[in-house]
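As a plain string of letters, each chain reads:
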Amino acid sequence: MIRSLPIGCVALMLLASVGLAEEVVQPDAPVSFEKQIRSIFRTHCYDCHGAGEEHEGNLDLRLRRFMLTGGENGPAIEPGNPDDSFLLQRIRDGEMPPGEKKLTFDEIATIEKWIAAGAPTLRPEPEKIGRGLGITPEERAFWAFQPIRRPEIPMFAPQDSVRTPIDAFLLTEMRKRGLSFSNDAEKLILLRRAHLDLTGIPPTLDEIVQFLADDSIDAYEQLIERLLASPHYGERWGRHWLDVAGYADSEGYTTRDDVRNYAYKYRDYVIRSFNANKPFDEFIIEQLAGDELVPLPHKNLSPENLEKLVATGFLRMAADGTGSGAPDIELARNQVMADTIKIVSTSLLGLSVGCAQCHDHRYDPISQEDYYQLRAIFEPAYDWKNWRVPTSRRISLYTDEERAQAAAIEAETKSVSAERKKRLDELITQALEGEVKKIEDKELGEQLRKIYRTPSGERTPEEVALFKKHPNFNINSGNLYQYIGTSREELKKFDDRIAEIRKKKPVEDFIRVMTEVPGKIPETFLFHRGDHKQPKQKVVPAALMISTPEGQPFHVPANDEQLQTSGRRLAYARWLTNGRHPLLARVIVNRVWLHHFGRGIVPTPADFGSAGQRPTHPQLLDWLADEFVTSGWNLKHLHRLIMTSTVYLQSSDQDSDKRQLDASNQYYWRKPVIRLDAEIIRDHILASSGSLSRKMYGPAIPVKEDFVGQIVVGGDDTRRSIYIQHRRSQPMALLTAFDAPIMETNCEIRPISTAATQSLMLMNGDFILKQSRKFAQRLRAEAADDMRRQVQLAWQFAYSRPATETEVDDAVAFLKQQLEYFKQHPPAAPPKKKGEKTAPPAPAPELLALTNLCQVILSSNEFLYVQ
């Protein structure tokens, strides 16, 4: 079986206890097969007794009458008599289901109540039933599979602090619980909040002064527009998308973990797309099928076509060990496909379909056939029987002109290479004749000369034996210098000439893309229990049945005759983004909400199914989804709506009365306090110290292992974190400590942990120590020895606000205490480094004291969190 599936299934089982909790029947509530029992059986029983072609013990639990008929052991249930029902006896005894995962007490009680009530159904059962589990009206009625309908906006009076429809939906729920919005946050808090939310970089001193001085009624709205227009917006929000896309700069899967030298172009495509506010439907279509929009052959590409091809890097993000020594190559190929489907389904559909690779999904109405029909959409590009390793999937960016220029330059080098070979042959002959002259036996010398000139594969055994006795005749270009002292210099002149000529050769660049082989369209088969070695019936490409409106299947054309490719991915992408899909828009707006508020309206952003959590505000979710589509899939429009709402503008301060009513702030009576993402913590430190480079795009900055074994930046360490190489086997220590993902497949949601390693990293890490010193040097450069001025500047650089008088007094007292200590305990001068004539002087006590204060500031909660 595919290695990742048990992990996914286990995760779903753990979530199910939360997601299905509302299905537990209350003592006085009616119970039916369709509403309660079927979901329990789907989770625990249908793998063996319903989903497959054959049923264990000939027992089929899909219908009530099948249970009455029973199997090899007779009827499974006795309506009205739970104690005599064989099925319930086996469940109570723990014999069924097999394995460690058993029914809960509540689930067993629900089955008991159902049988005791006569095993009722809501409607007459069908006379015939097809293979598998099908989809019931109750499953189709689940909230996530319903069409998106724009709800009516609740009406409120002007004094109710309702700025946007978002506020109206939220306040409706608040009022039911005696809650209301908090007051608006202070101006500087909003400035810092907006900057870090949209760009991940704090405001500069000039921006702080400018915003405070702007008394216009739309000063805040203008701020939002400036930040949305900033090129750093794409860096901040592109990183969110790269998480769900599973972006990595290495192949993973095997210990070799080969570097993906051209993956960065997909990262840059994402950043540019966010900055350009590319309509999100177009953004999705390009990533799923950009290659099918570009005519073949993929040569002499226009910038527009190049962008479409680079976009398909989305489908090339899964770990791929097929070119780096995977021990079971067929398993590795199919794993690439399985991981790609997981990335697509969790990022776009909000569903974990991987469970259906081995059997019908245990919680959601997704059949195993559904899974392989979805796989068939991508199989022409990922044909596991006619596989292409990563390096063979690259596309050269050489134009015809550059290719001709390169060929001409290579032709020029050939003449120099011929001269070199001629001179090399002369030198070898010179060396050979020199050795022949040393042989006193002229006949032997002639014989050795002849053997040397005879190709090694054509020598007789006797000649081979004789030649071994005279190793000094084994003359070649590698050891020629031992015979003629100046050979090296002569040949190097030829090599230098060739190198100079080749400098004129255009550099050949490549892109990492997903493409199909024209004319090759493989068949897709359902694998028994997910095992590629056990193919069963052939399937056709299609979307998940549960996601199609009114249950009408969407079968993707197997081969679009109008295209040079199969057209499968393009047809699916266009259908997915037609505005009528029940999941896509909901999933995207939920992720945007998640990154603005720290949690989604649906708290499980990659699982909108029954094992996930329900939306806290379903009408708000649907209004946002419809507004998103209606606006032309305009992401920046969504930001404006959210960031100009009262719920976003309000203070994060606590209120004891409101906290008693809603301790978890589920109803948003205050703005949640959010810890910065790992990359933004690092970028914020660089910005505060004055070290941050604003350079954008380009190859990944490599990482390396430092002297203690931690992974650190191995190149320009002033670049933003999004540009640092994300190598699966070498996650950067600082970022990992603050919950940056190690990309096994993709990151559905980042955890927010509080761990000792974070404190240790901020206390002892080389990066924080170096940047604290740079921060101190920056303060001394701008404020000299004026401690109070140093403190005020530090607060503004780090917290984007002035320090209070108390904070200034406390910080100055700390500085004086530290200064006195370092004067009494001066540190030793650092050792002289290699290449230095003299050792650098010991740092001044004033710098050391200020460095310690800076480290305290950069490690503080106010620095790490956004109010």
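About the cut-offs
- Residues numbered from 1 in each chain as written.
- Predicted model: local features only at pLDDT ≥ 70, side-chain atom pairs only at ≥ 80, totals over all residues.
- Heavy atoms only, no water.
- Helix = DSSP H or I, 4+ residues; strand = E, 2+ residues; numbered from the N terminus.
- Buried < 20%, exposed > 50% of the residue type's maximum accessible area, 1.4 Å probe, protein only.
- Contact = heavy atoms within 4.5 Å.
- Areas by Shrake-Rupley, 256 points an atom, 1.4 Å probe, with all protein chains shown as cover.
- Lys, Arg positive; Asp, Glu negative; His and termini not counted.
- Charge placed at Lys NZ, Arg CZ, Asp CG, Glu CD.
- Salt bridge = Lys/Arg side-chain N within 4 Å of Asp/Glu carboxyl O.
- Core = buried A, V, L, I, M, F, W, Y, C linked by side-chain atoms within 4.5 Å.
- Expected span 1.5 Å × (residues − 1).
- Arc of directions from axis to C-beta.
- Axes fitted to C-alpha atoms, helices over the stretch in contact; angles between N-to-C directions.
- Parallel < 35°, antiparallel > 145°, perpendicular 65-115°, else oblique.
- Left-handed = near helix turned anticlockwise from the far one by under 90°.
- Nonpolar A, V, L, I, M, F, W, Y, C, P; charged D, E, K, R; others polar.
- 1 Å grid on protein atoms, 1.4 Å probe; cavity = no way out; pocket = protein on both sides within 12 Å on 5 of 7 lines; lining within 4 Å.
- Points joined across faces, edges and corners; volume = space filled by probe spheres on them.

Let us now look at the overall build of the chain. Scanning the chain from terminus to terminus reveals 35 helices and 8 strands. Once the C-alpha set of the chain is aligned to its principal axes, its extents read approximately 115 × 80 × 55 Å. Counting only residues that meet the buried cut, the chain has 53% of its 867 residues in that class. Considering only residue pairs separated by 6 or more positions, the chain has 69% of its internal contacts joining residues 24 or more positions apart. Surface summary for the chain: the accessible area is close to 39400 Å², and the carbon and sulfur share equals 53%. For the chain, the distance from the average position of its 112 positive side-chain charges to the average position of its 121 negative side-chain charges is 5 Å.

To continue, consider the side chain of S324. Residue position: S324 is located in the loop between α15 (303–311) and α16 (329–349). Given the relative accessible area of 3%, S324 is considered buried. Those residues in contact with S324 that lie beyond four places of it in its chain are G252, T254, R256 and D258.

Attention now goes to helix α2 (residues 33–44). In terms of residue burial, α2 counts as a mostly covered element, since 10 of its 12 residues are buried. Residues F33, E34, Q36, I37, R38, I40, F41, R42, T43 and H44 constitute the buried set of α2. Against α3 (46–49), α4 (64–69), α5 (86–92), α6 (105–116) and α7 (137–140) lie the buried residues of α2.

The subject of this paragraph is the environment of R449. Mapped onto the elements, R449 comes out in helix α19 (residues 442–453). R449 sits 13 residues away from V436 along the chain, and the two C-alpha atoms are 7.0 Å apart. If near-sequence neighbours (up to four positions away) are discounted, R449 is found in contact with L432, E433 and V436.

Take the pattern of salt bridges next. In the structure shown here, the tally under the stated rule is 63 salt bridges. In this structure, R569 and E516 form a salt bridge, with 3.4 Å as the shortest nitrogen-oxygen distance. Note that R569 is positioned in helix α22 (residues 568–576) and E516 in the loop between β2 (510–512) and β3 (524–527), a separation of 53 residues in sequence. For R569, a relative accessible area of 0% corresponds to the buried category. Residue classification places E516 among the buried positions, given a relative accessible area of 8%. Three or more residues joined by partner-sharing salt bridges are found here, namely E53, R131, E369 and K536.

Nonpolar side chains tend to gather and get buried jointly when the protein is soluble and globular. Of all hydrophobic cores here, the largest spans 180 residues; its most connected members are I166, W241, Y266, F280, L288 and W593. Of all hydrophobic cores here, the second largest spans 23 residues; its members include V31, C45, L88 and I108.

Over its 20 residues, helix α33 (residues 805–824) extends 29 Å from the first C-alpha to the last, a length consistent with the 28 Å expected when each residue adds 1.5 Å. Along α33, the residues that are buried comprise V808, A811, V812, L815, Q818, L819 and F822. One side of α33 holds all its buried residues, which, seen down the axis, span an arc of 130°. Seen from the buried face of α33, the exposed residues on the opposite side, beyond 90 degrees, are T806, D810, K816, Q817 and Q824.

Here we come to the environment of A571. Relative to the helices and strands, A571 is located in helix α22. Considered as a pair, A571 and I377 are 194 residues apart in the sequence and their alpha carbons are 9.2 Å apart. Contacts of A571, omitting those with residues within four sequence positions, involve F554, V556 and P557.

With that out of the way, let us pick up unusual backbone geometry. The omega angle of the peptide bond from M96 to P97 is -5°, so this bond is cis rather than trans. Within the fold, P97 resides in the loop between α5 and α6. In the segment running from L296 into P297, the intervening peptide bond is cis, with an omega of -5°. Along the chain, the position of P297 falls in the loop between α14 (280–289) and α15. Here N277, not a glycine, exhibits a phi torsion of approximately 55°, which is positive. Mapped onto the fold, N277 is located in the loop between α13 (264–275) and α14. A positive phi angle, close to 60°, is found at S800, a residue other than glycine.

Each pair of packed helices gets described by two things: the angle between the helix axes and the distance between those axes. Running from N to C, helix α32 (residues 787–799) and α33 point in directions that differ by 120°, and their axes come no closer than 9 Å. When the axes of α32 and α33 are compared, the pair comes out oblique. Viewed along their axes, α32 and α33 form a crossing whose handedness is right-handed. Contacts between α32 and α33 involve M787, R788, Q790, V791, Q792 and W795 from the former and E805, E807, V808, D809, A811, V812, L815, K816 and L819 from the latter. Per-class residue counts for the contact of α32 with α33 are 8 nonpolar, 2 polar and 5 charged.

With that settled, consider the layout of surface pockets. Counted as a void, the second largest pocket has a volume near 870 Å³. What lines the second largest pocket is a set of 38 residues, and nearest its centre among them are A51, G52, G132, D360 and Q368. For the lining of the second largest pocket, the secondary-structure elements that each account for two or more residues are α3, α17 (368–378) and β4 (535–539). Top element by residues in the lining of the second largest pocket is α17. It accounts for 4 residues.

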